[in-house]
Amino acid sequence: MAERLTGAARDAALSELADLGWEATEGRDAIRRNFRFRDFNEAWGWMNRVALIAESMNHHPEWTNVYNRVEVILTTHDAKGLTSLDVDLALRIGKLGQ
């Protein structure tokens, strides 16, 4: 199981991810980011690509999709907070572009 990030490690991760558009989720030890696409088809295709990455990591996002918008929340439920798994998935999602 991944260990929860704390102290300087957590601060460094949040700083790095902020540059990519991720932000801390209020009231939770999690990160979130909103994505916007041209239409539903583009959003759904992107979600499929993220799903394949998440499945390969056995680490799955919380997300919602409304037409061309996708909100992604990352946290590690087993660790009750943000871990290196969340950081890695956020970085991989960032490489997909939008």
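Structure shown above.
Residues numbered from 1 in each chain as written. Predicted model: local features only at pLDDT ≥ 70, side-chain atom pairs only at ≥ 80, totals over all residues. Heavy atoms only, no water.

Colleague: Sorry, what's going on with the overall build of the chain here?
Modeller: Secondary structure assignment for the chain yields three helices and four strands. Its helices and strands in sequence order give the chain the pattern α-β-β-α-β-β-α, from N to C terminus. For 98 residues, the compact-globule estimate of 2.2 N^0.38 gives 13 Å, and the chain sits close to it at 13 Å. Based on the C-alpha atoms only, the size of the chain along its principal axes is roughly 40 × 25 × 25 Å. A separation threshold of at least 6 residues defines the contact pool for the chain, and within that pool the share at least 24 residues apart is 64%. (Helix = DSSP H or I, 4+ residues; strand = E, 2+ residues; numbered from the N terminus. Rg over C-alpha atoms; globule rule 2.2 N^0.38 Å. Contact = heavy atoms within 4.5 Å.)

Colleague: Explain the pattern of salt bridges here, please?
Modeller: Two side chains of opposite charge can pair, provided their charged atoms sit close to one another. One pass over the structure, following the stated rule, counts seven salt bridges. Measuring nitrogen to oxygen at the nearest pair gives 2.7 Å for the salt bridge that ties Asp 29 to Arg 4. With a gap of 25 residues between them, Asp 29 in the loop between strand E1 (23–24) and strand E2 (31–36) and Arg 4 in the segment before helix H1 (7–18) connect regions that are remote in the sequence. Among the ionic contacts, a cluster of salt bridges with common partners joins Arg 4, Arg 10 and Asp 29. (Salt bridge = Lys/Arg side-chain N within 4 Å of Asp/Glu carboxyl O.)

Colleague: What's the story with the sheet that holds E1 in this structure? I'm lost.
Modeller: Each strand in a sheet pairs with its neighbour through backbone hydrogen bonds, running either in the same direction (parallel) or in the opposite one (antiparallel). Taken in spatial order, the four strands of this open sheet run E1-E2-E4-E3, and their pairing is antiparallel. In this open sheet, the two edge strands, each paired with only one partner strand, are E1 and strand E3 (62–66). Inspection of the sheet shows E2 paired to strand E4 (residues 69–74) by six bridges, in the antiparallel sense. Considered in E4, the bridge of Ile 31 is made with Leu 74. (Pairing = 2+ DSSP bridges.)

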